[in-house]
Amino acid sequence: MADLLKIEGLCSGYGQARVLDNISFSMRAGESLALLGRNGVGKSTLMRTLMGLTVRHSGSVRFAGIDLSNAPPHRRARAGLGWVPQERAMFPSLTVEEHLTTVARDGPWNLAAIYDVFPRLRERRSNLGNQLSGGEQQMVAIARALVTNPRLLLLDEPMEGLAPIIVQELAAVVGRLIREAGLSVIVVEQHARLALSMTARAIVLNRGQIVHESSSQELLDDGAKLGRLVAVA
Amino acid sequence: MASNILGILFDGLAYGSLLFLIGVGLSITMGLMNFINLAHGTFAMAGGYISASLSQKSGMPFLATLPVAFVGAGLFGLVAERLLFRRLYKAPHLDQVLFTFGFVLSSIAAAHYFFGAGQQMGVMPSFLQGQIRVYGIDLGRYRLLLIAFVGLITLALHLILSKTRFGAQVRAAVDNQDAAAGLGINVGLIFSLCFALGTGLAGLGGALGIEVLGLDPGFPLKYMVYFLLVVVVGGAGTIRGPLIAAMILGVFDVAGKYYVPQAGAFIIYVLMIVLLLAFPTGLGGKRA
């Protein structure tokens with residue numbers, strides 16, 4: 001089966017400053033990947049680079065058979081990348097429902113399907129983006145990416161700053177998306193064990209380079225190695 | 001005395017309506033791209049000259065020239081944005097200021113060359129001339145039309161922004177440009193359309209303003225500060241803020257020139273300082 005995402009020799013950063021150094025990996029459709037590493041090693045920069053929001057110095061990004069290396073962000077989104085940005089990036093002047101209808105594209109993930117998964121958002125649909133709790137904001141951020149009917153969901157620290165009970169609830173939803181909806185997912189997460197438990201494969205970054213690549217299970221089983229690589233709590 | 005105050009209030013609101021009509025597009029585009037555009041008045045002037053030329057030379061009725069001024073200035077804005085302005089969105093603010101100021105100076109020279117240095121006269125239809133008396137106050141018919149007309153346009157803008165998908169995309173792009181783009185909204189296209197709409201409205205304001213603001217080649221420079229005040233005091237990226245700001249500026253400017261003419265424009269600058277100290281992010285409450 002052809003690769004859904006293929007990254008080769010990717011170097012990128014902000015302006016002249018280089019953050020990512022020679023990143024190469026690929027994913028098949030339906031695969032799930034945990035992207036781990038300590039703070040500041042380039043995980044979010046990799047997500048933003050996939051979305052075309054950094055300066056690419058060299059290397060290529062191919063997605064679903066299309067070369068997106070030079071594509072602007074909106075074309076990448078339309079090609080099927082569903083971005084859930086770090087810190088949720090709400091639109092304060094849009095209601096919850098507007099967050100969804102404004103970016104929706106045709107596909108199985110319509111409003112009804114979203115409200116089935118997140119009944120809370122139906123109750124809050126007339127509230128503005130800045131009138132929501134952290135957990136609700138994260139639901140909106142995930143729902144907002146889903147209504148674009150993506151082929152690959154990019155989750156950038158979706159559990160950051162949320163109460164443990166909300167983390168469990170969201171992790172269950174993301175787990176279902178991966179297993180039942182067959183969605184391809186890359187998840188960046190500080191809770192390394194949580195991310196590993198949801199995914200099949202793992203990549204660890206350090207100083208902008210890939211320093212480890214294996215199945216998620218292997219890292220879960222070898223706690224010492226995981227600790228060395230990402231210094232988990 | 002009371003009727004005098006009401007008369008000044010009325011004139012101030014008419015003046016403020018024009019400032020709002022011309023400045024609102026600047027507010028949206030500055031909010032979207034954080035782009036410092038001093039050249040907005042050039043597009044208002046273009047609309048004014050389109051209207052004046054059509055009514056003086058081709059004898060077109062004044063009201064019929066208004067849609068032409070709107071479309072003409074909007075197309076001028078669209079072309080200028082696509083060819084010139086968009087190259088500077090990521091440039092330092094000083095470059096933006098220098099470029100747009102140069103654009104203003106060029107437009108002044110061009111207007112001078114094509115239309116001469118003199119004031120243009122509007123050709124008002126007779127039913128818009130003179131005044132009507134309401135409860136003992138003389139209200140200029142033309143200013144009355146102006147306020148009503150700008151009220152309708154404001155309502156239309158509000159509906160577009162709050163009720164349509166396009167409007168929601170504009171709001172999303174103003175709130176968070178990266179997130180909007182990363183979710184598939186073509187922010188560049190949204191901006192071009194807003195720029196065209198905003199410059200079109202400026203052109204309409206320039207045409208409607210011939211009677212009130214006057215029209216000569218110095219127009220973009222003479223009113224530059226007023227349009228910027230509308231945006232800075234009102235807050236970029238909204239329409240409610242600039243609307244309130246334009247009305248306050250209009251009323252205080254007219255009242256100041258009437259009661260303390262020797263103070264001149266001093267009044268509105270003091271007002272600006274006071275308002276900005278009280279509302280640092282503008283009356284609309286968004287980033288400016």
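Attention here is on the structure that accompanies the text.

What counts and what doesn't
- Residues numbered from 1 in each chain as written.
- Chains lettered and ligands numbered in written order.
- Predicted model: local features only at pLDDT ≥ 70, side-chain atom pairs only at ≥ 80, totals over all residues.
- Heavy atoms only, no water.
- Helix = DSSP H or I, 4+ residues; strand = E, 2+ residues; numbered from the N terminus.
- Buried < 20%, exposed > 50% of the residue type's maximum accessible area, 1.4 Å probe, protein only.
- Expected span 1.5 Å × (residues − 1).
- Contact = heavy atoms within 4.5 Å.
- Buried area = accessible area lost by both parts, 1.4 Å probe.
- Salt bridge = Lys/Arg side-chain N within 4 Å of Asp/Glu carboxyl O.
- Polar contact = N/O pair within 3.5 Å; in protein donor to acceptor, adjacent residues only side chain to side chain.
- Nonpolar A, V, L, I, M, F, W, Y, C, P; charged D, E, K, R; others polar.

### What about unusual backbone geometry?
The phi angle of most residues is negative, glycine excepted, and most peptide bonds adopt the trans form.
Residues and elements named next belong to chain A.
So, point 1. Of note in the backbone geometry, Ala 64 takes a positive phi value of approximately 50 degrees without being a glycine.
So, point 2. Mapped onto the elements of the fold, Ala 64 is located in the loop between β4 (55-63) and β5 (66-67).
So, point 3. Look at Ala 64 and you get partly exposed, because its relative accessible area is 28%.

### A short note on helix α4 (residues 93-115) of chain B
Residue and element names in this part refer to chain B.
So, point 1. For α4, built from 23 residues, the straight-helix expectation of 33 Å at 1.5 Å per residue is met to within 8% by its first-to-last C-alpha distance of 32 Å.
So, point 2. Gln 96, Thr 100, Phe 103, Val 104, Ser 107, Ile 108 and Ala 111 are the residues of α4 that are buried.
So, point 3. Buried residues along α4 sit against α2 (40-57), α3 (62-83), α9 (219-222) and α10 (224-234).
So, point 4. Following α4 by one or two positions, Gly 116 has its phi on the positive side, about 80 degrees.

### Brief notes about the interface of chain A and chain B
So, point 1. Of the residues lining the interface, 22 residues belong to chain A; the matching set on chain B comes to 18 residues.
So, point 2. Overall, the association of chain A and chain B removes approximately 1700 Å² of surface from exposure, summing both partners, and the carbon and sulfur fraction of that is 57%.
So, point 3. On the chain A side of the interface with chain B, the three residues burying the most area are His74(A), Phe91(A) and Thr102(A), jointly 31% of the side's total.
So, point 4. Applying the counting criterion to the chain A and chain B interface returns two salt bridges.
So, point 5. Asp178(B) is the salt-bridge partner of Arg48(A), the closest N and O atoms lying 2.7 Å from each other.
So, point 6. Where chain A meets chain B, there are eleven residue pairs in polar contact (both at pLDDT 80 or more).
So, point 7. Secondary structure elements with two or more residues in the side of chain A that touches chain B: α2 (73-79), α3 (96-103) and α6 (134-146) of chain A.
So, point 8. Across the side of chain A that touches chain B, the residue classes tally to twelve nonpolar, five polar and five charged.

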